Amino acid sequence: SRRGVTNMSFYVFVLAAAGAILDLIDMILCFLLADNVLLKTLANFASALAKLLAFSGVLGVGTDAYLTELDESVCFNPEGALIVDEARQMYFLGAMALFFSSMFSFCLVPISALHGGRLQDKPMYQMKAMEIAA
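By convention here, each chain's residues receive numbers from 1 onward along its written sequence. Residue-level local features of this predicted model are given only where pLDDT is at least 70; pairs of side-chain atoms are given and counted only at 80 or more, and the full residue set underlies all totals for whole chains, interfaces and linings. By convention in this description, side-chain values take in all heavy atoms of the structure and omit both hydrogens and water.

Tell me about the packing of helix α3 (residues 63-73) against helix α4 (residues 78-115), residues and numbers included.
An axis is simply a line fitted to the C-alpha atoms; with a helix, the fit covers only the stretch in contact. Between two such axes, the angle follows the N-to-C directions and lies from 0 to 180 degrees. Each helix is a run of DSSP H or I of at least 4 residues and each strand a run of E of at least 2, with the numbering of both proceeding from the N terminus. Relative orientation of the contacting elements α3 and α4 amounts to 160°, with a least axis distance of 9 Å. When the axes of α3 and α4 are compared, the pair comes out roughly antiparallel. Classified by chirality, the crossing of α4 by α3 is left-handed. Listed contacts from α4 to T63, D64, L67, T68, L70 and D71 of α3 are V84, A87, R88 and Y91. Taken together, the residues that form the contact of α3 with α4 break down as 5 nonpolar, 2 polar and 3 charged. Reported orientations rely on four angle classes, namely roughly parallel under 35 degrees, roughly antiparallel over 145, roughly perpendicular from 65 to 115, and oblique for the rest. The handedness criterion is simple: a crossing whose near helix is rotated anticlockwise from the far helix by less than a right angle is left-handed, and one whose near helix is rotated clockwise is right-handed. We call two residues in contact whenever any of their non-hydrogen atoms come within 4.5 Å of each other. Just so you know the grouping, Ala, Val, Leu, Ile, Met, Phe, Trp, Tyr, Cys and Pro go in nonpolar, Asp, Glu, Lys and Arg go in charged, and all remaining residues, Gly too, go in polar.

Describe helix α1 (residues 2-32), listing the residues and the values that go with them.
Here a helix's expected span is defined as the number of its residues, less one, multiplied by 1.5 Å. With 31 residues, α1 extends 45 Å between its outermost C-alpha atoms, agreeing within 8% with the 45 Å of an ideal straight helix rising 1.5 Å per residue. Considered for burial, the residues of α1 that qualify are V5, V12, G19, D26 and L29. On its buried face, α1 sits against α2 (37-60), α3 and α4. Throughout this description, buried means an accessible area under 20% of the type-specific maximum (1.4 Å probe, protein chains only), exposed means over 50%, and partly exposed covers the range between.

Describe the pattern of salt bridges, and please don't skip the residues or the numbers.
When a carboxyl oxygen of Asp or Glu lies within 4 Å of a side-chain nitrogen of Lys or Arg, that pair is called a salt bridge. Applying the stated criterion to the full structure yields 3 salt bridges. K51 is the salt-bridge partner of D23, the closest N and O atoms lying 2.5 Å from each other. Note that D23 is positioned in helix α1 and K51 in helix α2, a separation of 28 residues in sequence. A salt bridge links K40 to D26; its shortest N-O distance comes to 2.5 Å. With a gap of 14 residues between them, K40 in helix α2 and D26 in helix α1 connect regions that are remote in the sequence. In this pair, the class of K40 matches that of D26, namely buried.

Describe the nonpolar core, listing the residues and the values that go with them.
Among the buried residues, those of types Ala, Val, Leu, Ile, Met, Phe, Trp, Tyr and Cys that are joined through side-chain atoms within 4.5 Å form a nonpolar core. V5, V12, A54, F55, V58, Y66, L67, Y91, A95 and L98 together form the largest nonpolar core, which totals 10 residues. Breaking this core down by element, the ones donating at least two residues are α1, α2, α3 and α4. In this structure, V12 is in contact with A54, G57, V58 and L98, ignoring residues within four places of it in sequence.

What follows is the structure in structure tokens.
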């Protein structure tokens with residue numbers, strides 16, 4: 001269990017960093033290419049997917065069960081028990097931050113598709129709905 005948590009933590013860090021970098025790219029695109037709604041929408045969508053994948057990686061590998069098992073084993077001195085308790089709190093806060101950050105990025109996808117980087121008026125180029133006639 002420890003080996004799986006340790007191995008997955010690297011991938012989670014990489015995916016979370018990719019999501020944060022994509023968020024920074026989205027903010028830069030607000031100023032540089034405010035009318036490019038497709039690029040902004042794709043950046044938000046890719047950011048949300050990267051963060052959601054990191055969140056599912058943290059949950060899927062069984063980090064909570066591993067930390068709970070460490071906490072229940074009671075084989076640490078008081079300082080070690082405090083460190084395990086802090087690790088569980090940081091795990092919970094980090095997982096919640098990944099989840100809510102991905103959900104907020106998903107909320108930005110339709111806003112970017114409609115408005116791009118402009119808040120006052122409509123962008124020069126807008127996404128159009130496809131009409132499929134049967």
